[in-house]
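# Topology and contacts: notes
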Amino acid sequence: MSGNIHGFNDPNRNNDNNNNNNNNNNNGYSPVLFGQMDNNLDPGEIRKESFGHFLKSICCPTFTIKSFIFIISMIDIILYIITLCYKGIKKDATELLAPQFNSLDTFGMKYPYKIYNGQVYRLILFGLLHANLIHITINLFSQFIIGCMMETEIGTLSIFLLYLFSNIGGGLFSCCINDTPGVGASVAIFGMLGAYIGYMIINWNYLDRVLGTMNKFCNLIFIIFIVLMNISYGFSNDMIDNYGHLGGLIWGFFLIFLLIKPKQENDGLGCGNNVWKIIAICTIVGLTVCEIAIFWFLVKPKKTNI
């Protein structure tokens, strides 16, 4: 991933970089999505920036309090505090500041047995709940970095729909395979990772021009590596809902083809956007039908006593 380090640019070269950035922005290209830094600040101003501003520019430079990602993150934090206060903190030395299971259950954790018996709203609410302090910290950090980049590029409405349906689809995908209750925003986060890969495919030829072939492949390999590393670790840890992650990834990948248009005509690995849209529609319809049929007609979730 390419980038310039603030404070070490030559002032004359800075003007050329600003012109290049302006040209990229005029073409509809957002360098933030691919890890490139904005050079519009004067070097003197950059040296005066606070640590908070520096951290924001590194992790989520497009962050605003009006963004969907900020709002959903605040909801996560508020619900975490409420679940801690509702029935107290779990007395477990292995978990830091963990809400009681009954508290998470009351507020809508993913509980296949109860979803099967009509409480389908849990497929939305479970993504807003978290199991302990470490869990919510990691998820919020990931959500801010990935979500802010994606929201800047595809818009607030699209990121909302992507987040919502990745969470629902991934949660139901998990329910079809195991009866284990679960909570966390990571299913939706994997949906955004899948959408990131899909975004690159949609604009494959266009990104050659604005990024260069090497940078484009480095970005793609990096994001695939993150996905594979997390899924591999998930299969080695029974506490992680890996099937939910996998389901969210699949849903996010195909949803992005319905939410955005390519930057140039006849892109998408040479197939054209219409071909990918048809594939995405067929896949999403097929996934929806299969998940509903398997969960409500073939699988009979068992009640879990924890």
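Residues numbered from 1 in each chain as written. Predicted model: local features only at pLDDT ≥ 70, side-chain atom pairs only at ≥ 80, totals over all residues. Heavy atoms only, no water.

It is worth spelling out the overall build of the chain at this point. Within the chain, the secondary structure is distributed over 14 helices and 0 strands. Along the chain direction, N to C, the helices and strands of the chain fall in the order α-α-α-α-α-α-α-α-α-α-α-α-α-α. Within the chain, the fraction of its 306 residues that count as buried is 47%. Restricting the contact set of the chain to residue pairs at least 6 apart, pairs at least 24 apart contribute 74%. Carbon and sulfur atoms provide 65% of the accessible area of the chain, an area that totals close to 15,500 Å². (Helix = DSSP H or I, 4+ residues; strand = E, 2+ residues; numbered from the N terminus. Buried < 20%, exposed > 50% of the residue type's maximum accessible area, 1.4 Å probe, protein only. Contact = heavy atoms within 4.5 Å. Areas by Shrake-Rupley, 256 points an atom, 1.4 Å probe, with all protein chains shown as cover.)

Before going further, it helps to spend a moment on the nonpolar core. Ranked by size, the top nonpolar core spans 55 residues in total, and within it M150, I159, M192, I256 and F257 carry the most contacts. With 12 residues, helix α10 (residues 186-202) is the single largest residue contributor to this core. (Core = buried A, V, L, I, M, F, W, Y, C linked by side-chain atoms within 4.5 Å.)

Another point: the packing of helix α4 (residues 68-87) against helix α8 (residues 133-154). With their axes 9 Å apart at the nearest point, α4 and α8 run at an angle of 170° to one another. On the basis of the axis angle, α4 is roughly antiparallel to α8. Residue-level contacts link F68, I69, F70, I72, S73, D76, I77 and Y80 of α4 to L133, I136, L140, Q143, F144, G147, C148 and E151 of α8. For the contact of α4 with α8, the residue count by class is 11 nonpolar, 3 polar and 2 charged. (Axes fitted to C-alpha atoms, helices over the stretch in contact; angles between N-to-C directions. Parallel < 35°, antiparallel > 145°, perpendicular 65-115°, else oblique. Nonpolar A, V, L, I, M, F, W, Y, C, P; charged D, E, K, R; others polar.)

On to the side chain of N139, then. Among the secondary structure elements, N139 is positioned in helix α8. Other than its neighbours up to four places away in sequence, N139 contacts H130, G184, A185, S186 and I189.

For the rest of this paragraph, the subject is the packing of α4 against helix α9 (residues 156-175). Across the interface, α4 lies against α9 with an axial gap of 9 Å and an inter-helix angle of 40°. On the basis of the axis angle, α4 is oblique to α9. Note on element contacts: α9 touches α4 through T156, I159, F160 and Y163, opposite F68, I69, I72 and D76. Grouping the amino acids of the contact of α4 with α9 by side-chain chemistry returns 6 nonpolar, 1 polar and 1 charged.

Opposite charge on two side chains permits pairing when their charged atoms draw close. The tally for this structure, following the rule as stated, stands at 6 salt bridges. The salt bridge partner of D208 is K216, with a shortest N-O separation of 3.0 Å. (Salt bridge = Lys/Arg side-chain N within 4 Å of Asp/Glu carboxyl O.)

A few words on unusual backbone geometry. Peptide bonds are trans in most cases, and residues, glycine excluded, mostly fall at negative phi. The residue L97 is not glycine, and still its phi comes out positive at about 50°. Within the fold, L97 resides in the loop between α4 and α5 (101-106). For L97, a relative accessible area of 34% puts it in the partly exposed group.

Here V187 is to be found in helix α10. In this structure V187 comes out as buried when scored by relative accessible area, which is 2%. Spatially, the C-alpha atoms of V187 and G170 are 6.1 Å apart, while their sequence positions differ by 17 residues. Each residue touching V187, except ones within four places of it in the same chain, is listed here: F126, S166, N167, G170, G171, G244, H245 and G248.

A few words on the environment of G127. Tracing the backbone through its elements, the reader meets G127 in the loop between α7 (122-125) and α8. As for G127 and L164, which are separated by 37 residues in sequence, their C-alpha atoms are 9.1 Å apart. In contact with G127, other than residues within four places in its own chain, are D76, Y163, N167, G184 and A185.

Now for the confidence of the model for the chain. Model confidence for the chain is summarised by a mean pLDDT of 81, while 75% of its residues fall at 70 or above. Note on residues 1-26: pLDDT under 50 across the span, and 37 contacts to partners over four residues away in sequence or across chains. (pLDDT = per-residue confidence, 0-100.)

This next bit is on the side chain of S73. Locating S73 in the fold gives a position in helix α4. A relative accessible area of 0% means that S73 is categorised as buried. Within polar-contact distance, the side chain of S73 engages the backbone oxygen of I69 at 2.7 Å. Excluding its chain neighbours within four sequence positions, the residues that come into contact with S73 are L140, Q143 and F144. (Polar contact = N/O pair within 3.5 Å; in protein donor to acceptor, adjacent residues only side chain to side chain.)

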